[in-house]
Amino acid sequence: MEKEDFERIQGDIPRVTKLGETAVLLKLTELGWDAFNLNAENPNYKGVDIACIHPKTHKTVLVQVKTSAGSEPSFGTGFVSDTDGNILGKKLDEEIIGPWVFVHIVFEDGTIKYRFYVLTKNEVKELIEDSNAWYWGELKHKAKNKQPVFLPLCWITGEGLKPGNNTFRGYPRDSRVSIENPSGENVWEMKIGEVL
């Protein structure tokens with residue numbers, strides 16, 4: 001693959017989304033789960049992208065996938081906020097159904113590679129609440145209400161943050177989200193399988 005081909009893919013949001021969901025589906029299948037992309041049957045299934053079934057217990061886990069192929073990845077959450085940091089119209093407890101997998105698609109050594117970051121439902125909820133309150137409370141942005149809520153990758157991993165900086169990299173990351181190797185193999189079973 002040539003770099004120009006990857007750059008073309010980067011600008012194609014539906015393709016990036018499909019690549020991320022397919023990569024997560026493949027990863028879960030490799031780890032022994034029976035996994036199904038719900039968007040294959042119902043385009044843009046709300047609140048969940050993949051259903052996976054534990055082959056021994058037959059319990060089901062519903063997974064949301066968020067994907068970015070950007071060089072400075074930021075993931076849309078589907079939530080909107082007012083300028084006081086309050087989530088509007090939806091309750092996080094009801095809308096976040098299960099774990100979320102954030103997929104960063106990168107181009108390295110002439111191939112596409114996938115980096116996965118797995119967060120539990122509670123970690124996603126806490127990260128959205130904490131970062132959104134900080135973003136609107138500390139940075140003092142001037143904007144209209146109903147702003148989309150995003151999670152930059154550095155807020156998820158904690159890498160590249162500079163507390164005290166007056167930009168999005170200044171996020172102090174006060175949440176209790178585990179950043180200990182968020183893409184490691186054992187994280188999948190621990191965070192996806194914790195509900196089983």
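Rules used in this analysis
- Residues numbered from 1 in each chain as written.
- Predicted model: local features only at pLDDT ≥ 70, side-chain atom pairs only at ≥ 80, totals over all residues.
- Heavy atoms only, no water.
- Pairing = 2+ DSSP bridges.
- Helix = DSSP H or I, 4+ residues; strand = E, 2+ residues; numbered from the N terminus.
- Axes fitted to C-alpha atoms, helices over the stretch in contact; angles between N-to-C directions.
- Contact = heavy atoms within 4.5 Å.
- Buried < 20%, exposed > 50% of the residue type's maximum accessible area, 1.4 Å probe, protein only.
- Salt bridge = Lys/Arg side-chain N within 4 Å of Asp/Glu carboxyl O.

Trainee: How would you explain the sheet that holds strand E6 (residues 100-108) if you had to name every residue and give the values?
Mentor: Pairing is mixed across the open sheet formed by 5 strands, whose spatial order is E1-E2-E3-E6-E7. For this open sheet the edge positions go to strand E1 (34-37) and strand E7 (111-119), each flanked by a neighbour on one side alone. Going from strand to strand, the sheet's axes swing by 30° on average, the running direction of each strand aside. Judged from the 4 bridges that link them, E1 and strand E2 (residues 50-53) form a sheet pairing that is antiparallel. Counted as the bridge partner of asparagine 37 is isoleucine 50 from E2. Strand contacts of helix H1 (residues 3-10): E6 and E7, with the helix running at about 150° to E6, the strand carrying the most contacts.

Trainee: Which residues make up the environment of proline 172, and what values go with them?
Mentor: By secondary structure assignment, the location of proline 172 is in the loop between helix H5 (153-157) and helix H6 (185-192). The exposure class assigned to proline 172 is partly exposed, which follows from its relative accessible area of 33%. With 17 residues separating them in the primary sequence, proline 172 and tryptophan 155 have C-alpha atoms 8.8 Å apart.

Trainee: Hey, could you go over unusual backbone geometry for me, with residue numbers and the actual values?
Mentor: For aspartate 109, which is not glycine, the phi torsion reads 50° and is therefore positive. Mapped onto the secondary structure, aspartate 109 falls in the loop between E6 and E7. Judged by relative accessible area, which is 72%, aspartate 109 ranks as exposed. Even without being a glycine, lysine 146 presents a positive backbone phi close to 65°. Within the element layout of this structure, lysine 146 appears in the loop between helix H4 (121-138) and strand E8 (147-152).

Trainee: Describe the pattern of salt bridges, listing the residues and the values that go with them.
Mentor: Under the counting rule described, the total for this entry stands at 7 salt bridges. Between lysine 113 and glutamate 108 there is a salt bridge whose closest N-O contact spans 3.9 Å. Lysine 113 gets classed as partly exposed once you look at its relative accessible area, which sits at 30%. Aspartate 109 is paired through a salt bridge with lysine 113; the nearest N and O atoms lie 3.6 Å apart. Through salt bridges with shared partners, one network takes in Glu108, Asp109, Lys113 and Arg115.

Trainee: Lay out the sheet that holds E8 in plain terms, naming residues and giving numbers.
Mentor: Strand order in the open sheet made by the 3 strands is E5-E4-E8, with antiparallel pairing throughout. Taken across any chain shown, the strands that pair with only one partner, and hence form the sheet edges, are strand E5 (87-88) and E8. Across 5 bridges, the pairing between strand E4 (residues 74-81) and E8 is antiparallel. Its bridge partner lying in E8, phenylalanine 75 is registered against leucine 151. Sheet strands touched by H4: E4, E5 and E8. Its angle to E8, the strand with the most contacts, is close to 115°.

Trainee: Now, about the pairing of strand E3 (residues 60-68): what can you tell me, with residues and values included?
Mentor: With 7 of its 9 residues buried, E3 lies for the most part within the structure. Both E2 and E3 contribute to a ladder of 4 bridges, which runs antiparallel. Bridge pairing in E3 links cysteine 52 to valine 61. Relative to E6, E3 runs parallel, the two sharing 5 bridges. Pairing of glutamine 64 across the sheet is with tryptophan 100, part of E6.

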